[in-house]
Amino acid sequence: MLTLDNLIVGREERFHLAPLSLCMLSGACMVLRGPNGSGKSTILKTLATLIQPKGGAIRLGEVNIQQDLDEYRSLLCYISDTETIDPELSVIDNLLLWA
């Protein structure tokens, strides 16, 4: 289960969203929609530990990102659509390359 508790994300001093709280069960899917600059990529990069959260808590199962970063990172995989996709490969081959 992914749990966000009053998560605040942003770059530099600019906050993109009000505090975000949610619980997602294992195997669930979520869609992030919004206009350019609304914070979608910032949320994903924060969950992937590429950007530090400005506040709040992130937990994956019982693992808290602030308490055990290495364990948290071992439980997830983030593949950017702009930085790692090889257009010459199929979707399956791209996934296999990074799995």
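Residues numbered from 1 in each chain as written. Predicted model: local features only at pLDDT ≥ 70, side-chain atom pairs only at ≥ 80, totals over all residues. Heavy atoms only, no water.

K.L.:
Please set out the overall build of the chain residue by residue, giving values where relevant.
P.N.:
Within the chain one finds 3 helices and 6 strands. Start at the N end of the chain and walk to the C end: the helices and strands fall as β-β-β-β-α-β-β-α-α. If one aligns the C-alpha atoms of the chain with their principal axes, the spans along those axes are about 40 × 30 × 25 Å. Here the chain holds 99 residues, and the buried ones make up 25% of them. When contacts within the chain are restricted to residue pairs at least 6 apart in sequence, long-range pairs at least 24 apart make up 43% of them. When the accessible surface of the chain is summed, it comes to about 7,100 Å², and 55% of that surface belongs to carbon and sulfur atoms. A gap of 10 Å separates the mean positions of the 8 positive and 12 negative side-chain charges of the chain. (Helix = DSSP H or I, 4+ residues; strand = E, 2+ residues; numbered from the N terminus. Buried < 20%, exposed > 50% of the residue type's maximum accessible area, 1.4 Å probe, protein only. Contact = heavy atoms within 4.5 Å. Areas by Shrake-Rupley, 256 points an atom, 1.4 Å probe, with all protein chains shown as cover. Lys, Arg positive; Asp, Glu negative; His and termini not counted. Charge placed at Lys NZ, Arg CZ, Asp CG, Glu CD.)

K.L.:
If you had to explain the environment of Arg 73 to someone new, which residues and values would you point to?
P.N.:
Within the secondary structure, Arg 73 sits in helix H2 (residues 69-74). Separated by 25 residues in sequence, Arg 73 and Ala 48 place their C-alpha atoms 7.5 Å apart. Reaching out from Arg 73, the side chain makes a polar contact with the side chain of Thr 49 at a distance of 2.7 Å. (Polar contact = N/O pair within 3.5 Å; in protein donor to acceptor, adjacent residues only side chain to side chain.)

K.L.:
Break down unusual backbone geometry for me, with residues and values.
P.N.:
Excluding glycine, residues mostly carry a negative phi; peptide bonds, for their part, are mostly trans. Even without being glycine, Asn 6 reaches a positive phi, approximately 55 degrees. As for its position among the elements, Asn 6 is in strand S1 (residues 2-8).

K.L.:
How would you summarise the state of the cysteines if you had to cite specific residues and measurements?
P.N.:
Chemically, a disulfide is nothing more than a covalent bond linking the sulfur atoms of two cysteines. With the rule as written, the count across this model stands at 0 disulfides. No disulfide involves Cys 23; its sulfur sits 17 Å from that of Cys 29, the nearest cysteine. Look at Cys 23 and you get exposed, because its relative accessible area is 56%. (Disulfide = S-S within 2.5 Å.)

K.L.:
Can you break down the nonpolar core residue by residue, with the values?
P.N.:
Grouped together as the largest cluster of nonpolar side chains are 11 residues: Leu 2, Leu 4, Leu 7, Val 9, Met 24, Ile 43, Leu 47, Ile 58, Val 63, Ile 65 and Tyr 72. Contributing elements (two or more residues each) for this core: S1 and helix H1 (40-47). With 3 residues, S1 is the single largest residue contributor to this core. (Core = buried A, V, L, I, M, F, W, Y, C linked by side-chain atoms within 4.5 Å.)

These results come straight from atomic positions and should not be treated as a statement about function.
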